[in-house]
Amino acid sequence: NTEAPSMAASRTAMKRTIGMRHCGLMERGEAPWGRHCRVPSRQQRNPFAPPRSVAGSGPRRHPIHRFSSSILVPKAVPSVSERMQELKEEGRCALIPFIVAGDPDMKTTPKALQLLSDGGADVIELGVPYSDPLADGPTIQAAATRALEKRVTLDDVLKMLAEVSPGLKSPVVLFTYFNPILKKGIDQFCKEAKAAGASGLLVPDLPLEETPPIREGCEAHGLELVMLVTPTTPKERMGTIANASQGFVYLVSLAGVTGTRATVADNVQELLSDLQSSTDKSVAVGFGVSGSEQAKLIKSWGAEGVIVGSALVKQLGESGSPEQGLESMGALLKELREAL
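It should be emphasised that the depicted structure is a prediction, and the values quoted were computed from it without experimental measurement.

Let us now look at the sheet that holds strand β6 (residues 249-252). On the basis of which strands lie adjacent, the closed barrel formed by eight strands has the order β1-β2-β3-β4-β5-β6-β7-β8 and parallel pairing. If you compare each strand with its neighbour and ignore which way they point, the axes differ by 25 degrees on average. Looking at chain direction, strand β2 (residues 124-127) and strand β3 (residues 172-175) are connected through four bridges and run parallel. Bridging across to β3, L126 finds its partner in L174. Sitting on the sheet, helix α3 (residues 80-90) is in contact with β1 (94-100), β3, β4 (200-202) and β5 (224-229), with an inclination near 145 degrees to β1. Set on the sheet, helix α14 (residues 322-339) makes contact with β1 and β8 (305-308); between it and β1 the angle comes to about 160 degrees.

Taken as a whole and judged by the stated rule, the model has zero disulfides. Among the cysteines around C190, which has no disulfide bond, C218 carries the closest sulfur, lying 4.1 Å off. Under the relative-accessibility criterion, C218 is labelled buried at 1%.

It is worth spelling out the packing of helix α13 (residues 310-317) against α14 at this point. The packing of two helices is summarised by the inter-axis angle and the distance between the axes. Between α13 and α14, the shortest axis-to-axis distance is 6 Å and the interhelical angle comes to 155 degrees. What the angle tells us is that α13 and α14 run roughly antiparallel. Within the contact between the two elements, α13 uses A311, L312, Q315 and L316 and α14 uses G325, L326, S328, M329, L332, L333 and L336.

In this description, an aromatic ring pair is defined by two values, namely the gap between the centres and the angle between the planes. By the definition in use, this model includes four aromatic pairs. Their ring planes at 75 degrees and their centres at 5.4 Å tell us that F98 and F175 sit as a pair that is edge-to-face. Here F98 is found in strand β1, whereas its partner F175 is found in strand β3, with 77 residues between them in sequence. Of the two residues, F98 and F175, neither departs from the other in class, the shared state being buried. Seen in terms of ring centroids, Y130 and Y177 are 5.0 Å apart; in terms of plane orientation they differ by 20 degrees. Their pairing is stacked. In this pair, Y130 sits in the loop between β2 and α5 (138-149) while Y177 sits in the loop between β3 and α7 (178-184), placing the two residues 47 residues apart along the sequence. Assessed through its relative accessible area of 2%, Y177 is described here as buried.

Tracing the backbone through its elements, the reader meets L332 in helix α14. Residue classification places L332 among the buried positions, given a relative accessible area of 13%. Once the C-alpha coordinates of L332 and Q315 are considered, the two residues, 17 residues apart in sequence, prove to be 8.2 Å apart. Those residues within four positions of L332 in sequence are excluded, and the remaining contacts are S290, A311, L312 and Q315.

Definitions and cut-offs
Residues numbered from 1 in each chain as written. Predicted model: local features only at pLDDT ≥ 70, side-chain atom pairs only at ≥ 80, totals over all residues. Heavy atoms only, no water. Pairing = 2+ DSSP bridges. Helix = DSSP H or I, 4+ residues; strand = E, 2+ residues; numbered from the N terminus. Axes fitted to C-alpha atoms, helices over the stretch in contact; angles between N-to-C directions. Contact = heavy atoms within 4.5 Å. Disulfide = S-S within 2.5 Å. Buried < 20%, exposed > 50% of the residue type's maximum accessible area, 1.4 Å probe, protein only. Parallel < 35°, antiparallel > 145°, perpendicular 65-115°, else oblique. Phe/Tyr/Trp six-rings, centres within 6.5 Å; stacked < 30°, edge-to-face > 60°.

Okay, here's the thing in structure tokens:
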């Protein structure tokens with residue numbers, strides 16, 4: 001550029017003056033270097049421009065990012081023991097529903113789990129269908145048979161749980177007999193169950209003395225092993241089982257299999273008192289609970305949880321269609337939630 005320096009400086013000053021007058025930032029007649037002149041800030045020139053970084057303050061951030069710290073992150077689902085302790089401190093009785101995976105079909109089970117979670121279930125028991133369910137009565141046996149007839153496997157159940165568990169607010173306890181676990185391998189089963197989103201495990205055909213291997217697998221992968229106490233369990237052994245149980249202690253209310261009953265056995269209140277005198281863990285009563293009046297009664301006896309299985313399984317699997325089953329199960333769940 002062969003232009004004289006003085007002429008170049010004059011043109012630069014003129015451009016600045018015109019630009020400032022256009023923006024209304026300089027009084028008419030003032031030179032660009034006058035005392036009333038101020039150079040427009042970057043934000044004034046472009047209100048949507050991100051703020052200039054200050055030394056030491058890190059990289060520039062777009063305005064929307066300034067509010068990222070206030071975005072709510074979904075709260076992690078608590079463990080079974082954390083949920084039960086939280087309810088105990090609040091003086092509330094836990095509602096623990098049970099359903100069989102794959103009944104009436106594998107497309108309905110995720111919907112049922114979501115409905116239970118959204119409908120107020122504090123903990124959910126999810127049964128793995130099994131051909132010889134020695135602890136289960138006709139209703140749950142029939143549900144397991146329907147699922148097995150559709151070729152539902154343990155792997156199917158874990159895959160489905162992995163897909164639905166991120167949206168659940170309730171910790172899930174897998175209810176399965178020991179043979180499927182043994183076939184997969186104890187450590188591998190526990191690893192896959194935890195990865196799928198399970199929080200606990202209940203194995204009804206495994207006595208206390210045979211639990212060390214599976215307890216080791218549960219502890220290695222962050223699962224809580226729930227144990228059962230029955231009406232025929234000696235009082236001294238009750239305390240031993242309760243101390244070994246994690247999450248809560250499952251008190252079986254009758255000497256027999258699962259199923260709906262018109263009334264709760266008379267000795268349940270005494271059994272509950274005996275068990276609670278030997279542990280400070282939450283005790284949940286199950287087997288034979290079929291409606292809101294029974295749930296209220298068990299709560300009045302001081303139980304920290306009520307488990308309802310067959311009544312819900314029947315509504316879900318025997319209502320004519322999956323849609324009707326979900327509706328009927330949801331209605332019963334609402335009654336139970338209101339009762340507790």
